[in-house]
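Structure assessment
Spelled out, the chains give:
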Amino acid sequence: MRSVTMIRAIEYSLRFNVAMRCAIVALVLLPAGVYGLVNSGARDVSITHGPTNQRMVALTFDDGINGAYTSEVARILDHRGAHGTFFVVGETLETQGPTARDLVAHGHLLANHSYDHSRASKKDFFYSQVWWAQRAFERTIGKCPRFFRPPYGIQTLYVNAAVHRAGMRTILWNIEVGDWREQDPARLASLVLAKTQPGAIILLHDGTDGLQGADRSVLIDALPLILAGFEERGLRPVTVAELLGVSGYLDECR
Ligand SMILES: [Zn+2]
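Please read these numbers as outputs of a predicted model, since none were measured by experiment.

Scanning the model with the defined rule gives one disulfide in all. What pairs with Cys-144 in a disulfide is Cys-253, and their sulfur atoms sit 2.1 Å apart. Taking the sign of the S-S torsion, about 110° here, the bridge from Cys-144 to Cys-253 comes out right-handed. In this pair, Cys-144 is assigned in the loop between helix H4 (129-141) and strand S4 (147-148) and Cys-253 in the segment after helix H8 (240-244), connecting sequence segments 109 residues apart.

All of the protein donors around the zinc ion are Asp-63 (OD), His-113 (NE2) and His-117 (NE2); their distances to the metal are 2.0 to 2.1 Å. Mapped onto the sequence, the donors of the zinc ion take the spacing D-x49-H-x3-H. Given the relative accessible area of 5%, His-117 is considered buried.

In this section: the confidence of the model for the chain. Do not read the predicted coordinates in detail wherever pLDDT is low. Residue-level pLDDT values for the chain average 90, and 83% of them are 70 or greater. Low confidence marks residues 29-37, where pLDDT is under 50. Its contacts with residues over four positions away, or in another chain, come to one contact.

Okay, the pairing of strand S7 (residues 201-205) next. In terms of burial, S7 is a largely internal element, five of the five residues being buried. Side chains Ile-201, Leu-203 and His-205 of S7 all project onto a buried face; the interleaved residues Ile-202 and Leu-204 project onto the opposite face, where all are buried too. The pairing of strand S1 (residues 56-62) with S7 spans five bridges and is classified as parallel. Following the sheet pairing, Ala-58 is matched in S7 by Ile-201. Read as a crossover between parallel neighbours, the route from strand S6 (residues 175-176) over helix H6 (residues 185-195) to S7 is right-handed.

Turning next to the packing of aromatic side chains. The final tally for this structure, using the stated rule, is four aromatic pairs. Plain terms: the ring middles of Phe-125 and Tyr-158 are 5.1 Å apart, the flat faces sit at 70° to each other, and that makes the pair edge-to-face. In this pair, Phe-125 is assigned in the loop between strand S3 (109-112) and H4 and Tyr-158 in helix H5 (residues 157-165), connecting sequence segments 33 residues apart. The ring of Tyr-152 carries the charged tip of Arg-119 above its face, separated from the ring centre by 4.1 Å. Between Arg-135 and the ring centre of Trp-131, over which it is positioned, the NZ or CZ distance is 4.7 Å.

Another aspect to go through is the nonpolar core. Formed by 51 residues in total, the largest nonpolar core has its most connected members in Leu-59, Phe-61, Leu-77, Phe-86, Leu-110, Ile-202 and Phe-230. For this core, the element with the highest residue contribution is helix H7 (residues 217-232), accounting for eight residues. Contact partners of Phe-230, with chain neighbours within four places excluded, come to Val-57, Leu-59, Val-192, Leu-193, Thr-196, Ile-202, Leu-235 and Pro-237. Counting eleven residues, the second-largest nonpolar core is a separate cluster that includes Ala-120, Tyr-127, Val-159 and Ala-162.

With that settled, consider the packing of H6 against H7. Where H6 meets H7, the closest approach of the two axes is 8 Å, and the angle between their N-to-C directions is 40°. What the angle tells us is that H6 and H7 run oblique. Every pair of crossing elements has a handedness; the one defined by H6 and H7 is right-handed. Side by side, H6 and H7 meet where Pro-185, Ala-186, Leu-188, Ala-189, Val-192 and Leu-193 of the first sit next to Val-218, Leu-219, Asp-221, Ala-222, Leu-225, Ile-226, Gly-229 and Phe-230 of the second. Considered class by class, the residues forming the contact of H6 with H7 number twelve nonpolar, one polar and one charged.

Conventions and cut-offs
- Residues numbered from 1 in each chain as written.
- Predicted model: local features only at pLDDT ≥ 70, side-chain atom pairs only at ≥ 80, totals over all residues.
- Heavy atoms only, no water.
- Disulfide = S-S within 2.5 Å.
- Helix = DSSP H or I, 4+ residues; strand = E, 2+ residues; numbered from the N terminus.
- Donors = N, O, S within 2.8 Å, 3.2 Å for Na, K, Ca; no water.
- Buried < 20%, exposed > 50% of the residue type's maximum accessible area, 1.4 Å probe, protein only.
- pLDDT = per-residue confidence, 0-100.
- Contact = heavy atoms within 4.5 Å.
- Pairing = 2+ DSSP bridges.
- Right-handed = clockwise from strand over helix to strand, strands pointing away.
- Phe/Tyr/Trp six-rings, centres within 6.5 Å; stacked < 30°, edge-to-face > 60°.
- Lys NZ or Arg CZ within 6 Å of the ring centre and 35° of its normal.
- Core = buried A, V, L, I, M, F, W, Y, C linked by side-chain atoms within 4.5 Å.
- Axes fitted to C-alpha atoms, helices over the stretch in contact; angles between N-to-C directions.
- Parallel < 35°, antiparallel > 145°, perpendicular 65-115°, else oblique.
- Left-handed = near helix turned anticlockwise from the far one by under 90°.
- Nonpolar A, V, L, I, M, F, W, Y, C, P; charged D, E, K, R; others polar.

Below is the structure:
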């Protein structure tokens, strides 16, 4: 009798042990699993620069398409055999399709800078700005950009998740000199040149918040000086795609 009781006690204690271990493992794994699930699409996969061992830099122009200013930026780049990346506010494509197609035809890269340049809110759980802008690109140039830059550089979990859903990458920058408020073209050029190193992604603006006709003449006057400075230093201005060695458009729009 005694031995039977002892065996039962041992069995009970073994079961208890196994149950306890399972519970502990579950307690540890469950939150990790939930965390992983929630965050799998919300990781920050932003890029701020390219390889620093090659003499290439990427000039990026935000907030267009801005009519004649955007066209003039492209013409100055064309004149120097340079290519730029234009982070376009999707809404502007509805009326400026021909300019967008002209940029693509000249080897410049179009990228997504939201649909209407609104500020991302932490409560916007389904950030649809990426998707709406991609639809505008699909209609206008027949393909979808690989790169997204959030307005004001604001990244929330939901912004990052939307970028992930679209199969895109977020491109930020590592050179920024406040070009939107600078009044002196020579000063703007020298600020950019002083900071630029190989691999740099440089933030400039050919528009203002997607508004049509915003005066960007200071940039227009500064750009030839910036390009001349790059040439002197043997820095080649390329698109973000060329800088990173990937295609600038997705194989399939999502
Ligand atoms: Zn912007």
